Structures are given as C-alpha cells and as structure tokens.
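# Fold and geometry: a report
These are the residues of each chain, in order.
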Amino acid sequence: SISRNNYEHLFMTWEMIRELSLIDNVMIGSHSNIHNNLKLFKAEDLINDLMSSKIKIEEKINLKVSYLAIPYGDKSSFSEREIILAKNIGYKKIFTTDPNIFKRNKDFKDCLIIDRLCTRAKCNNRVIIFARLFIKSIINVYSGFNNHNL
C-alpha cells in the first residue's frame, strides 16, 4: 500500500507557509490535526485537536490563526456545538462547504460562518461553481442579505 509519507516531498514546508503568510491577501488557517469529522469527537478531544492545530501553526508562522476550515465541511461534519467550541478557542471565521448562503449567524455575531467551495470531484461542476460565485457576488453587493461579509 502507498503511504502518505511517500508524498511528503510534495507538501509545503513551514518556511514556504511562513513566506505565504506575509502576503497581504493570504490568510493561513487551521484544518484540524487529524482531519476527522468534528461531530465524532468528544468535546474535550475536539478542543484539544483544534487548539493544538491552532497553536502549532501560530508557533510556526509567528502569527495569530483565526480561521478554521471544517474538515469535509458539510452539514454532517459539524453542528452548533463544533462552531461554539471553535469560537471559544479563538477562531473568528469558520469555513464550511454548506451551500446555504442565506443562513443567518444570529448566535455567532463575532464569529462568521463562511461557505467555501467544495473540492470533491463530484462537486466541481463548473456551472454550479459559476452560479454559486455569481449569486454570492450579487448578495455581497446587497450586504443586508448576506451574513458572511466575504
């Protein structure tokens, strides 16, 4: 079997990530340590996983990490519990693949929930991606309808 270690030479180094983090339009965030469905964690284990990932990245790039991309990102991989725990750890913007762009953040006023594009092959229909980006751009113009402030 092919081990993930066989691909380490393709991964970014911490030096590369530090260099990227210095660019104005680049934001470095966390994606957890072990990339499991966050709903499957006990609360204490989830806190430890998200916190250790955040701390490790902050130490490596010497900058605050305020962004979290939820592994998998769909509705089956997170709930209000995970959002609250991530917010309490210090994440300010949380990215999901939940396409519900009209969802309100009433309970998370200082923690934005942002829809990111799904990178799974079956989700990469160009028409759907274009339509979602087009709709989001229109909504961003009328920010009263948009809770994401992208």
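Calculation rules
Residues numbered from 1 in each chain as written. Predicted model: local features only at pLDDT ≥ 70, side-chain atom pairs only at ≥ 80, totals over all residues. Heavy atoms only, no water. Phe/Tyr/Trp six-rings, centres within 6.5 Å; stacked < 30°, edge-to-face > 60°. Helix = DSSP H or I, 4+ residues; strand = E, 2+ residues; numbered from the N terminus. Buried < 20%, exposed > 50% of the residue type's maximum accessible area, 1.4 Å probe, protein only. Lys, Arg positive; Asp, Glu negative; His and termini not counted. Salt bridge = Lys/Arg side-chain N within 4 Å of Asp/Glu carboxyl O. Polar contact = N/O pair within 3.5 Å; in protein donor to acceptor, adjacent residues only side chain to side chain. Contact = heavy atoms within 4.5 Å. pLDDT = per-residue confidence, 0-100. 1 Å grid on protein atoms, 1.4 Å probe; cavity = no way out; pocket = protein on both sides within 12 Å on 5 of 7 lines; lining within 4 Å. Points joined across faces, edges and corners; volume = space filled by probe spheres on them. Nonpolar A, V, L, I, M, F, W, Y, C, P; charged D, E, K, R; others polar. Axes fitted to C-alpha atoms, helices over the stretch in contact; angles between N-to-C directions. Parallel < 35°, antiparallel > 145°, perpendicular 65-115°, else oblique. Patch = residues over 30% accessible without salt bridge, like charges linked within 9 Å, V, L, I, M, F, W, Y side chains within 5 Å. Areas by Shrake-Rupley, 256 points an atom, 1.4 Å probe, with all protein chains shown as cover.

By convention here, two paired aromatic rings are described through the distance between centres and the angle between planes. Enumeration over the complete set of coordinates arrives at 1 aromatic pair. Taking 6.2 Å as the distance between ring centres and 45 degrees as the angle between the ring planes, the aromatic pair formed by Y67 and F95 counts as tilted. Of the two residues, Y67 is situated in strand β1 (residues 67-69) and F95 in strand β2 (residues 93-96); the sequence distance between them amounts to 28 residues.

A few words on the side chain of D49. Secondary-structure assignment places D49 in helix α2 (residues 43-61). With no salt bridge to any partner, buried D49 finds its closest opposite charge in R81, at an N-O distance of 11 Å. Engagement of the side chain of D49 in a polar contact is seen with the backbone nitrogen of N33, the distance being 3.1 Å. Not counting the four nearest positions on each side in its chain, D49 is found in contact with S32, N33, I34 and F41.

With that out of the way, let us pick up the environment of I89. Examined against the element boundaries, I89 turns out to sit in helix α3 (residues 80-89). For I89, a relative accessible area of 13% puts it in the buried group. Sequence separation between I89 and K54 is 35 residues; the distance between their C-alpha atoms is 8.8 Å.

Confidence along the chain averages 77 in pLDDT terms, with 64% of residues attaining 70 or more. Taken element by element, the predicted model of the chain shows its lowest mean pLDDT in helix α4 (residues 126-141) (62) and its highest in α2 (96). This model gives residues 142-150 a pLDDT under 50, and the stretch forms 23 contacts once residues within four places in sequence are excluded.

For the rest of this paragraph, the subject is the layout of surface pockets. Empty space within the largest pocket amounts to approximately 830 Å³. Taken together, 19 residues line the largest pocket, and the ones lying closest to its centre are W14, I17, G29, H31 and I57. At the level of secondary structure, the elements contributing two or more residues to the lining of the largest pocket comprise α1 (14-21) and α2. Across the lining of the largest pocket, the residue classes tally to 9 nonpolar, 8 polar and 2 charged.

Two numbers describe how α1 lies on α2: the axes approach to 9 Å, and their chain directions differ by 80 degrees. Between α1 and α2, the crossing angle belongs to the class labelled roughly perpendicular. Residues W14, I17, R18 and S21 of α1 lie in contact with α2, whose contacting residues are K56, I57, K60 and I61. Tallied by class, residues from the contact of α1 with α2 come to 4 nonpolar, 1 polar and 3 charged.

Our next topic: a nonpolar patch on the surface. A contiguous nonpolar surface patch, about 310 Å² in accessible area, is contributed by Y7, L10 and F11. For L10, the position within the fold is in the segment before α1. Overall, the relative accessible area of 59% leaves L10 in the exposed class.

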